[in-house]
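Here is how the chains run, residue by residue.
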Amino acid sequence: MSSNSEFNFPENIKSSIEEEYKERRNKLSAKNQKAYAFFLDSQSVIEGDKEIFNEFLNSLIENDYKNNFVDIIENFEDIEVYRRFLASILIYMRINNFEDSPDKFLYFCIAVEAAMQFKSNKGKGNTRLFKDFFKENLSEDSKLKMISHFKIKEVNNTVKSQNFLMYKYGKSKLIKNKKKSFVPSCYRLKQCYVDTGKCYPKHGCYLKSNPHKINDQLDHVLDYLYQKRSNFVHDGRVFSHPVDGSIGDVWRHPAKKKFIGISYSLNLYDLFSLYEEALLTYFTKINGAE
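Residues numbered from 1 in each chain as written. Predicted model: local features only at pLDDT ≥ 70, side-chain atom pairs only at ≥ 80, totals over all residues. Heavy atoms only, no water.

**Student:** What am I meant to see in the confidence of the model for the chain here?
**Tutor:** The predicted coordinates ought not to be read in detail in places where the model reports low pLDDT. Residues with a pLDDT of 70 or more make up 85% of the chain, whose mean pLDDT is 84. Contacts for the low-pLDDT stretch residues 165–170, under 50 throughout, to residues beyond four places or in other chains number eight contacts. (pLDDT = per-residue confidence, 0-100. Contact = heavy atoms within 4.5 Å.)

Put into structure tokens, the structure is as follows:
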């Protein structure tokens, strides 16, 4: 491992790049090879890629993933897989160049799409690829985190926070209030703890006892996020992403085909962390399958 790099550049990828640039040079006359020498230098490309990977590793929100990403980089064999990973992190890192959350969010979505556009995925819609990226590559806890921040139905507040510990140990009955709060659509009165609309999957969760329904609930969140991406790309409507607290919004429910009120509270940087987790899992699986 060199002093300027935190990883060993994959030999198979290095050979593929060198062969590719050799073929380009051979198609040109000797005169043109000399004139375009700078653009035909495979070593400068490899060194540039190394710099990108180092920058990515040092910019991770989830720093615990660093060694795992090093392992991915060092074990790339397929040049197409390598380039999709490279494209995705290049787009993702550009998020730091923007101040406005709508721009950051859009580049987050594009980074996901870049990771998923493999030859084997041709013919599959972008919405499906976006959703599969998270549904197939996030841990159960991360999925529940996303779901808990997307609330689409109203219920009476059921438990006062000061009585929660008593309730958990069976020493208190549920206390109903007249005030209503938004909760995730998976909410069940006897299995979930909700305090003024905030969901706590670690303390009580219907989905944990019905894990086969988690992806169905996650669909709601991912449909919403991709709709927001499409609203901006096609109509120029920006998404005012929450930083602290939640935002009220209107969402067109794809199954009911009507607009409903929702509350959304997932922090942008939590979203970026989820991207890093899914990216790590996705490319770990691909590398291991080769």
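Here the narrative resumes.
**Student:** What's the story with the nonpolar core in this structure? I'm lost.
**Tutor:** For soluble globular proteins, nonpolar side chains are generally found buried alongside one another. In terms of nonpolar packing, the biggest core is built from 78 residues, with Phe108 and Leu271 touching the most fellow members. Other than its neighbours up to four places away in sequence, Leu271 contacts Phe105, Phe108, Met146, Leu225, His241, Tyr264 and Leu266. (Core = buried A, V, L, I, M, F, W, Y, C linked by side-chain atoms within 4.5 Å. Buried < 20%, exposed > 50% of the residue type's maximum accessible area, 1.4 Å probe, protein only.)

**Student:** How do you make sense of the pairing of strand β6 (residues 247–253) when you look at a structure like this?
**Tutor:** The two faces of the sheet receive side chains in turn, since in a regular strand these alternate between them. With seven bridges joining them, β6 and strand β7 (residues 258–264) adopt antiparallel strand pairing. Residue pairing across strands places Val250 opposite Gly261, the latter belonging to β7. Where β6 hands over to β7, the hairpin turn is made up of four residues, of which Lys257 adopts a positive phi near 55 degrees. (Pairing = 2+ DSSP bridges. Helix = DSSP H or I, 4+ residues; strand = E, 2+ residues; numbered from the N terminus.)

**Student:** Explain the sheet that holds strand β1 (residues 150–151) here, please?
**Tutor:** Sheet strands pair via backbone hydrogen bonds, and the direction of the pair is either parallel or antiparallel. Taken in spatial order, the three strands make up an open sheet running β1-β7-β6, and their pairing is antiparallel. The strands lining the two open edges of the sheet, one partner per strand, are β1 and β6. Of the strands in this sheet, β1, β6 and β7 are in contact with helix α10 (residues 214–235), which crosses β6 at around 95 degrees. (Axes fitted to C-alpha atoms, helices over the stretch in contact; angles between N-to-C directions.)

**Student:** What am I meant to see in helix α1 (residues 11–26) here?
**Tutor:** The periodicity of an α-helix, 3.6 residues per turn, causes residues three or four positions apart to be oriented the same way. Under the 1.5 Å per step criterion, the end-to-end length of α1 is 22 Å for 16 residues, consistent within 8% with the ideal 22 Å. Those residues of α1 lying buried are Ile13, Ile17 and Tyr21. The arc that holds every buried residue of α1, seen down its axis, measures 65 degrees, which confines them to one face. Exposed residues on α1 whose side chains face more than 90 degrees from its buried face are Glu11 and Asn26. Buried residues in α1 make contact with α3 (42–58) and α5 (79–93). (Expected span 1.5 Å × (residues − 1). Arc of directions from axis to C-beta.)

**Student:** Looking at this model, I keep getting lost on the pattern of salt bridges. Mind explaining?
**Tutor:** A pair can form between side chains of opposite charge whenever their charged atoms are brought close. What the rule picks out here adds up to 10 salt bridges. Put simply, Arg237 and Asp235 hold a salt bridge, and the shortest N to O gap is 3.2 Å. Classification of Arg237 as partly exposed rests on a relative accessible area of 47%. Among the ionic contacts, a cluster of salt bridges with common partners joins Lys131, Lys135, Asp219 and Asp223. (Salt bridge = Lys/Arg side-chain N within 4 Å of Asp/Glu carboxyl O.)

**Student:** Hey, could you run me through α3 in this one?
**Tutor:** Look at α3: 25 Å from first C-alpha to last across 17 residues, which is about the 24 Å you get at 1.5 Å a residue. What α3 keeps buried is the set Ser42, Ile46, Asp49, Ile52, Phe53, Asn54, Phe56 and Leu57.

**Student:** Where do I start with the state of the cysteines in this structure?
**Tutor:** Two cysteines joined by a covalent bond between their sulfur atoms form a disulfide. Taken as a whole and assessed by the stated rule, the structure comprises zero disulfides. For Cys199, which is in no disulfide, the shortest distance to another cysteine sulfur is to Cys186 and amounts to 6.2 Å. (Disulfide = S-S within 2.5 Å.)

**Student:** Got a minute to help me understand the packing of aromatic side chains in this structure?
**Tutor:** Aromatic ring pairs are described here by two measures, namely the spacing of the ring centres and the angle between the planes. If you walk through the whole model with that rule in mind, you get 31 aromatic pairs. Measuring from ring centre to ring centre gives 5.1 Å for Phe56 and Phe69, while their planes differ by 85 degrees; the resulting arrangement is edge-to-face. A residue pair is termed long-range when its members are at least 10 positions apart, and Phe56 in helix α3 and Phe69 in helix α4 (residues 66–74) qualify at 13 residues. Between Tyr224 and Phe239 the ring centres are 5.7 Å apart and the planes differ by 85 degrees, which places this aromatic pair in the edge-to-face class. One end of the pair, Tyr224, is in helix α10; the other, Phe239, is in the loop between α10 and β6, and 15 residues separate them in sequence. Both residues of the pair, Tyr224 and Phe239, count as buried. When the ring centre of Tyr206 is taken as origin, the NZ or CZ atom of Arg188, which lies over that ring, is 4.1 Å away. (Phe/Tyr/Trp six-rings, centres within 6.5 Å; stacked < 30°, edge-to-face > 60°. Lys NZ or Arg CZ within 6 Å of the ring centre and 35° of its normal.)

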